[in-house]
Amino acid sequence: MTEPTPGRALWRALLREEALTAPSTPFPPDLLTRFCGLFGPSLIDNALPGVLDPGLVRQARLLNRLSTQRQRDAVAGLVNGGHRVAAMKGFATSRLYHRDLEARTTGDIDLLVEPGEIKSLVARLLEQGYRASTELPLPPWGFVSEASFLPMTSADGLVDIDLHVLPDCYPLAIGLSTAAVFESARAIASEAFVIKAPSAEHMLLIALSNATKEKLGP
């Protein structure tokens, strides 16, 4: 049986959350750079211990820890404040499926909200110093979406919250409603809060819908 290519072996290790043994040949630097750009140095270091620069890994993990704490505080403030939201995409999957939370960067927080909750939720975020992110690279026609709004960014710039009134844009919204997601939602519990997340089936549908729109590059 032939040894898998370095890229294939690294993908397999990331999916299984396991560490690769020392490869027989060094990983190409451009391959490592590409994977670090996709997943972050912390997650790659888990799959390839000792290959990346220790200083780069340490800096990435510290930044992830700060980001994770700030995201946790932001969600706890909303949930414990009585707002009915469901966590989607990276924020949910990192807490459901990843053993090392601080190695898995989630970027922004995607929250599914019932349309009637939007005004009160935005008001709460504005009170906490959040503002709509208007300085984004946009096409000439601006930001157009039936499912979500411009991100709300914290005053320190560390937390971005995307509010969604639909699980995703057309065509997913035709077959999967916001009400259906909430009805089948499961709970994610932590020391700071308990938040809803889509069922496994709904999470997969949302991920596939998102991937077909904008994530086919990787």
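Anything mentioned here points back to the structure above.
Residues numbered from 1 in each chain as written. Predicted model: local features only at pLDDT ≥ 70, side-chain atom pairs only at ≥ 80, totals over all residues. Heavy atoms only, no water.

### Let's talk about the pattern of salt bridges
Part 1: Evaluation of the coordinates by the stated rule reveals four salt bridges.
Part 2: One salt bridge in this structure joins D156 and R70, with 2.9 Å as the shortest N-O distance. Here D156, found in the loop between β4 (152-153) and β5 (160-164), pairs with R70, found in helix α4 (residues 54-79); they are 86 residues apart in sequence, far enough to count as distant.
Part 3: Residue classification places R70 among the partly exposed positions, given a relative accessible area of 22%.
Part 4: Where D110 meets K89, a salt bridge forms, and the shortest distance between an N and an O atom there is 4.0 Å. Taken as a pair, D110 in strand β2 (residues 109-113) and K89 in helix α5 (residues 89-97) lie far apart in primary sequence, 21 residues in all. (Salt bridge = Lys/Arg side-chain N within 4 Å of Asp/Glu carboxyl O. Helix = DSSP H or I, 4+ residues; strand = E, 2+ residues; numbered from the N terminus. Buried < 20%, exposed > 50% of the residue type's maximum accessible area, 1.4 Å probe, protein only.)

### Regarding α4
Part 1: Taking 1.5 Å of rise per residue, the 26 residues of α4 would be expected to cover 38 Å, and the 37 Å separating its terminal C-alpha atoms lies within 8% of that figure.
Part 2: Within α4, the full set of buried residues consists of V57, A60, N64, T68, Q71, A74, V75, A76, L78 and V79. (Expected span 1.5 Å × (residues − 1).)

### Description of the pairing of strand β6 (residues 186-189)
Part 1: With four bridges connecting them, β6 and strand β7 (residues 194-197) associate as antiparallel partners. Residue pairing in the sheet places R186 in a bridge with A197 of β7.
Part 2: Hairpin geometry of β6 and β7 is characterised by an intervening segment of four residues between the two adjacent antiparallel strands. (Pairing = 2+ DSSP bridges.)

### Some points on the packing of aromatic side chains
Here a ring pair, both rings aromatic, is described through the centre-centre distance and the interplanar angle of the planes.
Part 1: For the structure shown, the criterion picks out four aromatic pairs.
Part 2: Between W11 and F39 the ring centres are 5.3 Å apart and the planes differ by 85°, which places this aromatic pair in the edge-to-face class. You can see W11 sitting in helix α1 (residues 6-16) and its partner F39 sitting in helix α2 (residues 29-39), a full 28 residues away along the chain.
Part 3: Ring geometry for F35 and F39: centres 6.1 Å apart, planes at 25°, overall stacked. Taken as a pair, F35 and F39 lie in helix α2 at a separation of four residues, close to a single helical turn.
Part 4: Sitting over the face of the ring of F91, R95 holds its NZ or CZ atom 3.7 Å from the ring centroid. (Phe/Tyr/Trp six-rings, centres within 6.5 Å; stacked < 30°, edge-to-face > 60°. Lys NZ or Arg CZ within 6 Å of the ring centre and 35° of its normal.)

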